[in-house]
Amino acid sequence: MNFSQLYDISVSLSPEIAVWPGDPAIEITRASEIAKGADANVTRLNLGAHSATHMDAPVHFIEGTPGIDSFALDALVGTVQVLNMTGLETHIGAAHLEAASIPAGTSRVLFKTRNSQYWQTDPDNFHRDFIALAPDGAHWLTQHGVKLVGIDYLSIEQFDSAHHETHHILLAERVVIVEGLNLSEIEPGEYTLMALPLKIKNADGAPARVLLGR
């Protein structure tokens, strides 16, 4: 692939980054240090699988289903539409998707919302009022053949969702969910997506490095 520009839309793992309430805090420490006489610097990581930019596996919400290492690679790399939802103050529903004029045959979408501003202005505090994908929007995506969806905060689902319906709808259809993106510098439109989670056997999720190319 040849690109004139690559964009890193990942949020860096850092102890200063907010995590989902109740998830493990991000801890990054040195297990050994050259400055203290060791032969090499070695970093110890302690964090939840759903920290910063990450991806959800079906087993995150559906017991007995595949883990993060089972993803089909062709879902993770390819053409993606970045959709402008920055004007919304409500969760993204089917009507918003109908109005978005998404090209026929689109199989990957990323939602750029007002959430991205949080990574710029207040990344260390968790914001419960983030824009999410409503269940009817999730149904719309599965009915239109979308196999990967991403959003610019720590969950595709609204905070305090009683039954996690959006996750269940998407994961039951094996739609790849990418969460915690930073799209603040990205213009809406078509890109090539590269979204690669850490390959952790049977895990319910994993941190990911996510790039866009043009």
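Residues numbered from 1 in each chain as written. Predicted model: local features only at pLDDT ≥ 70, side-chain atom pairs only at ≥ 80, totals over all residues. Heavy atoms only, no water.

Some words on the environment of tyrosine 118
Logical step 1: By secondary structure assignment, the location of tyrosine 118 is in helix α3 (residues 116–121).
Logical step 2: Spatially, the C-alpha atom of tyrosine 118 lies 23 Å from that of tyrosine 191, the residues being 73 residues apart in sequence.
Logical step 3: Setting aside residues no more than four positions away along its own chain, tyrosine 118 makes contact with Pro123, His127, Asp129, Phe130 and Tyr153.
Logical step 4: Within polar-contact distance, the side chain of tyrosine 118 engages the side chain of arginine 114 at 2.9 Å.
Logical step 5: Only 2.9 Å separates the side chain of tyrosine 118 from the side chain of aspartate 129, close enough to count as a polar contact. (Helix = DSSP H or I, 4+ residues; strand = E, 2+ residues; numbered from the N terminus. Contact = heavy atoms within 4.5 Å. Polar contact = N/O pair within 3.5 Å; in protein donor to acceptor, adjacent residues only side chain to side chain.)

Observations regarding the nonpolar core
Logical step 1: Of all hydrophobic cores here, the largest spans 25 residues; its most connected members are Ile9, Met55, Leu110, Val176, Leu193, Val210 and Leu212.
Logical step 2: Put simply, the parts of the chain that give this core at least two residues each are α1 (73–76), β5 (77–84), β8 (176–179), β9 (189–197) and β10 (205–213).
Logical step 3: Sort the elements by how many residues they give to this core and β10 lands first, with four residues.
Logical step 4: Ignoring sequence-local partners within four residues, the contact set of valine 210 consists of Tyr7, Asp8, Ile9, Ser10, Thr53, Val178, Leu181, Leu193, Met194 and Ala195. (Core = buried A, V, L, I, M, F, W, Y, C linked by side-chain atoms within 4.5 Å. Buried < 20%, exposed > 50% of the residue type's maximum accessible area, 1.4 Å probe, protein only.)

Interpretation note: all reported values are geometric properties and have no functional meaning in isolation.
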